[in-house]
Amino acid sequence: MAQESNEERLRRVCLDYFDEYVFNQLPLYLIRLSDMELLSRNDIWEDVRPLVDIPKLNYQGVLLESCEEYVRNLVKSAILSHRKTMPTGPGFEKLLEFCKKARDDYGCAYAWSDTCCINKESSTELEEAIRSMYRWYKDAYVCIVHLAQMSSIKDFPSEPWFTRGWTLQELLAPRRLRLFGKDWRPICPKKEDLSGDGDEVDSFPYPNDKRSGFMLMAISQVTDTHVKHLRKPPLQSISVYERMKWASQRQTTRVEDVAYSLFGIFDISIPSHTEKVEEHSIG
């Protein structure tokens, strides 16, 4: 049998990683922003796999990390964090504006929102969403936060988003965060608007509130969370006491959501299909 060339090996590794990434790492459903269609993982696989153009990669000395970055950029997606509303009226307008920001401001091809990307009629899919939520927010290209009643950081103390249970992980997990207020205007003042620092400048050329000292300090003060934990939190290195303190300041609509919303914060996993998970108030 002929020995596999470096080019063949890299092609196989990239295609294998693409398959694994789509079926095990992506959310169950994503909105395709080009036509606002809701796609399953199978749909996305069929949509994107023909675009995996391996020969464009540099085969000499390419690391697996380069392959992973290449694949992730093919399925670049934004994720929405917000206080939940009904999926009609203002809630629908919010979804459209979020998708527009994801596409036009951040160059994303796909987007995720709890209002339409979770099938709450399926206990199996709902359970997977609960178990995977933290990771989905962590892996998203950018997390877009909508605070509908706010105009500036002066409104932070009265904004319920900072007190809800589910939004704690939506604050901590993302590497990149952008807060928008009324009329979808950025909360961060223009003079404080930083696209990034260090190694992220080249890889993420868009505004990121987690790279703004001004924004991080304001969020830190209203959430009683240290700036270093907001920036790039290695949660396993933070004491259980500290994480419990964050959680104690949050409320959820349902009692069971207190536990569900902390799975990612405490790196807890539960076996799938062990029991029926009833519909709850994600968001």
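Just so you know, these numbers come straight off a predicted model, no measurement behind them.

1. As for the confidence of the model for the protein
Phase 1 of the analysis: Residue-level pLDDT values for the protein average 84, and 83% of them are 70 or greater.
Phase 2 of the analysis: Confidence drops under pLDDT 50 across residues 273-281; counting only partners more than four residues distant or on other chains, this segment forms 26 contacts.

2. Quick notes on the sheet that holds strand S1 (residues 29-32)
Strand pairing in a sheet is mediated by backbone hydrogen bonds. Such pairs are either parallel or antiparallel.
Phase 1 of the analysis: Pairing is mixed in the open sheet, where six strands are placed in the order S2-S1-S4-S3-S5-S6. This sheet does not close on itself; its edge strands, each paired only once, are strand S2 (37-40) and strand S6 (177-180). Averaged over neighbouring strand pairs, the angle between their axes works out to 30 degrees when direction is ignored.
Phase 2 of the analysis: Taken together, the five bridges between strand S3 (residues 77-82) and strand S5 (residues 142-146) define a ladder with parallel strand orientation. By the bridge assignment for S5, His82 is matched with His146.
Phase 3 of the analysis: Relative to the sheet, helix H5 (residues 123-139) contacts S1, S3, strand S4 (110-112) and S5, its axis offset from that of S3 by approximately 105 degrees.

3. Notes on the environment of His229
Phase 1 of the analysis: Here His229 lies in helix H9 (residues 227-231).
Phase 2 of the analysis: Using a relative accessible area of 11% as the deciding quantity, one classes His229 as buried.
Phase 3 of the analysis: Along the sequence, His229 and Leu216 sit 13 residues apart, while their C-alpha atoms lie 9.9 Å from each other.
Phase 4 of the analysis: Discounting residues that sit within four places of it in the chain, His229 has contacts with Leu172, Ile238, Glu242 and Trp246.

4. Focus on unusual backbone geometry
Phase 1 of the analysis: Positive phi outside glycine occurs at Asp183, with the angle close to 55 degrees.
Phase 2 of the analysis: With respect to the helices and strands, the residue Asp183 is situated in the loop between S6 and helix H7 (200-203).
Phase 3 of the analysis: Non-glycine residue Trp184 carries a positive phi angle of around 55 degrees.

5. A closer look at the environment of Asp47
Phase 1 of the analysis: Here Asp47 is to be found in helix H2 (residues 41-48).
Phase 2 of the analysis: With 15 residues separating them in the primary sequence, Asp47 and Arg32 have C-alpha atoms 9.8 Å apart.
Phase 3 of the analysis: Residues contacting Asp47, with those up to four places away along its chain left out, are Arg32, Leu39 and Tyr110.

6. What to know about the nonpolar core
Phase 1 of the analysis: Val75, Phe98, Trp112, Ile144, Phe156 and Leu179 are the most contacted members of the largest nonpolar core, which has 80 residues in total.
Phase 2 of the analysis: Two domains each put at least three residues into this core: domain 1 (9-74) and domain 2 (76-192 + 204-267).
Phase 3 of the analysis: Each residue touching Ile144, except ones within four places of it in the same chain, is listed here: Ala78, Ile79, Leu80, Ser81, Phe98, Lys101, Ala102, Tyr106, Arg178, Phe180 and Trp184.

7. Comments concerning the packing of aromatic side chains
Phase 1 of the analysis: On inspection of all chains with the given rule, the structure shows 12 aromatic pairs.
Phase 2 of the analysis: Ring centres 5.6 Å apart and planes at 80 degrees place the aromatic pair Phe204 and Tyr206 in the edge-to-face group.
Phase 3 of the analysis: The exposure class assigned to Tyr206 is partly exposed, which follows from its relative accessible area of 24%.
Phase 4 of the analysis: Counting every residue linked through ring pairs, the aromatic cluster contains Tyr106, Tyr141, Phe204 and Tyr206.
Phase 5 of the analysis: A cation over an aromatic ring shows up here: Lys76 above the ring of Tyr141, its NZ or CZ 4.5 Å from the ring centre.
Phase 6 of the analysis: Seen from the ring of Phe180, Arg178 lies directly overhead, with NZ or CZ sitting 6.0 Å from the centre.

8. With respect to helix H8 (residues 213-223)
Quick reminder: α-helices carry 3.6 residues per turn. Residues three or four places apart thus point the same way.
Phase 1 of the analysis: For H8, every residue scored as buried is listed here: Met215, Leu216, Ala218, Ile219, Ser220 and Thr223.
Phase 2 of the analysis: Elements that come into contact with the buried residues of H8 comprise helix H6 (166-172), S6 and H9.
Phase 3 of the analysis: Of the residues one or two after H8, Asp224 is the one with positive phi, at around 55 degrees.

Thresholds, definitions, all that
Residues numbered from 1 in each chain as written. Predicted model: local features only at pLDDT ≥ 70, side-chain atom pairs only at ≥ 80, totals over all residues. Heavy atoms only, no water. pLDDT = per-residue confidence, 0-100. Contact = heavy atoms within 4.5 Å. Pairing = 2+ DSSP bridges. Helix = DSSP H or I, 4+ residues; strand = E, 2+ residues; numbered from the N terminus. Axes fitted to C-alpha atoms, helices over the stretch in contact; angles between N-to-C directions. Buried < 20%, exposed > 50% of the residue type's maximum accessible area, 1.4 Å probe, protein only. Core = buried A, V, L, I, M, F, W, Y, C linked by side-chain atoms within 4.5 Å. Domains from an automatic or database assignment. Phe/Tyr/Trp six-rings, centres within 6.5 Å; stacked < 30°, edge-to-face > 60°. Lys NZ or Arg CZ within 6 Å of the ring centre and 35° of its normal.

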